Amino acid sequence: VSTDDGFRPSWGNFATDSGGECGVPITKRFLMPQTQGNYSSNGVFWYSYSYGMVHTIMISSEHDISRGSPQSKWLQHDLRSVNRTLTPWVILESHRPMY
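Reading the values: the criteria
- Residues numbered from 1 in each chain as written.
- Predicted model: local features only at pLDDT ≥ 70, side-chain atom pairs only at ≥ 80, totals over all residues.
- Heavy atoms only, no water.
- Helix = DSSP H or I, 4+ residues; strand = E, 2+ residues; numbered from the N terminus.
- Contact = heavy atoms within 4.5 Å.
- Areas by Shrake-Rupley, 256 points an atom, 1.4 Å probe, with all protein chains shown as cover.
- Pairing = 2+ DSSP bridges.
- Right-handed = clockwise from strand over helix to strand, strands pointing away.
- Core = buried A, V, L, I, M, F, W, Y, C linked by side-chain atoms within 4.5 Å.
- Buried < 20%, exposed > 50% of the residue type's maximum accessible area, 1.4 Å probe, protein only.
- Axes fitted to C-alpha atoms, helices over the stretch in contact; angles between N-to-C directions.
- pLDDT = per-residue confidence, 0-100.

Points about the overall build of the protein
Then, in step 1: Within the protein, the regular secondary structure consists of two helices and five strands.
Then, in step 2: The linear arrangement of helices and strands in the protein, starting from the amino end, is β-β-α-β-β-α-β.
Then, in step 3: Taking the contacts inside the protein whose residues are at least 6 apart along the sequence as the reference set, 45% of them involve residues at least 24 apart.
Then, in step 4: On the protein, roughly 7500 Å² of surface is accessible, and the fraction owed to carbon and sulfur atoms is 56%.

What follows is the structure, encoded as structure tokens:
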């Protein structure tokens, strides 16, 4: 079933948003990599880490990433800080962390 605001199957209860509390359990249960300094990550929503020769960046598809937003500033800083000699591979992912 397709409606004006997207796909909503008739068997689901999609009448209202949960008010934003759906992210609360994950932010209280899991710790994700944090960037130190002026450009801190946003915990479970956007973060990065390096493992071996790979630098992995997770961005949030549900937060503002337009130029000048906190996530955009963090991403630009993170990309500039990658040492491409030590970590030549950079992977960018965009989704909620699996939990």
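Focus on the pairing of strand S5 (residues 89–94)
Along a regular strand, successive side chains alternate from one face of the sheet to the other.
Then, in step 1: Inspection of the sheet shows strand S4 (residues 54–59) paired to S5 by six bridges, in the parallel sense. Residue pairing for S5: Val54 is matched across the bridge by Trp89.
Then, in step 2: Considered for its hand, the β-α-β crossover made up of S4, helix H2 (residues 70–81) and S5 is right-handed.

Quick word on the nonpolar core
Then, in step 1: Trp46, Ile57, Ile59, Trp74 and Leu75 together form the largest nonpolar core, which totals five residues.
Then, in step 2: Counting residues per element, the ones that place at least two in this core are S4 and H2.

Some details on the pairing of strand S3 (residues 47–51)
Then, in step 1: Here S3 pairs with S4 via five bridges, running antiparallel. Counterpart to Tyr49 in the pairing with S4 is Thr56.
Then, in step 2: Where S3 folds back on S4, the antiparallel hairpin that results is connected by two residues, among which Gly52 adopts a positive phi of roughly 65°.

Here we look at the sheet that holds S3
Then, in step 1: Taken in spatial order, the three strands make up an open sheet running S3-S4-S5, and their pairing is mixed. Edge positions in the sheet fall to S3 and S5, since each has one partner strand and no second. Between one strand and the next, the sheet's axes are offset by a mean angle of 15°, whatever the strand orientation.
Then, in step 2: Sheet strands touched by H2: S3, S4 and S5. Its angle to S4, the strand with the most contacts, is close to 175°.

Structural notes on the confidence of the model for the protein
Then, in step 1: Taken over all residues, the pLDDT of the protein has a mean of 75, while the share at 70 or more is 55%.
Then, in step 2: Ranking the elements of the protein by mean pLDDT puts strand S1 (residues 2–3) last with 49 and S5 first with 94.

Some remarks on the side chain of Thr87
Then, in step 1: Within the secondary structure, Thr87 is located in the loop between H2 and S5.
Then, in step 2: Accessibility expressed as a relative area gives 8% for Thr87, which makes it buried.
Then, in step 3: Setting aside residues no more than four positions away along its own chain, Thr87 makes contact with Ser50, Gly52, Met53, Val54, His55 and Val82.

Comments concerning the environment of Leu86
Then, in step 1: Inspection of the secondary structure puts Leu86 in the loop between H2 and S5.
Then, in step 2: If we skip the residues at most four places from it in the chain, Leu86 touches Gly52 and Met53.

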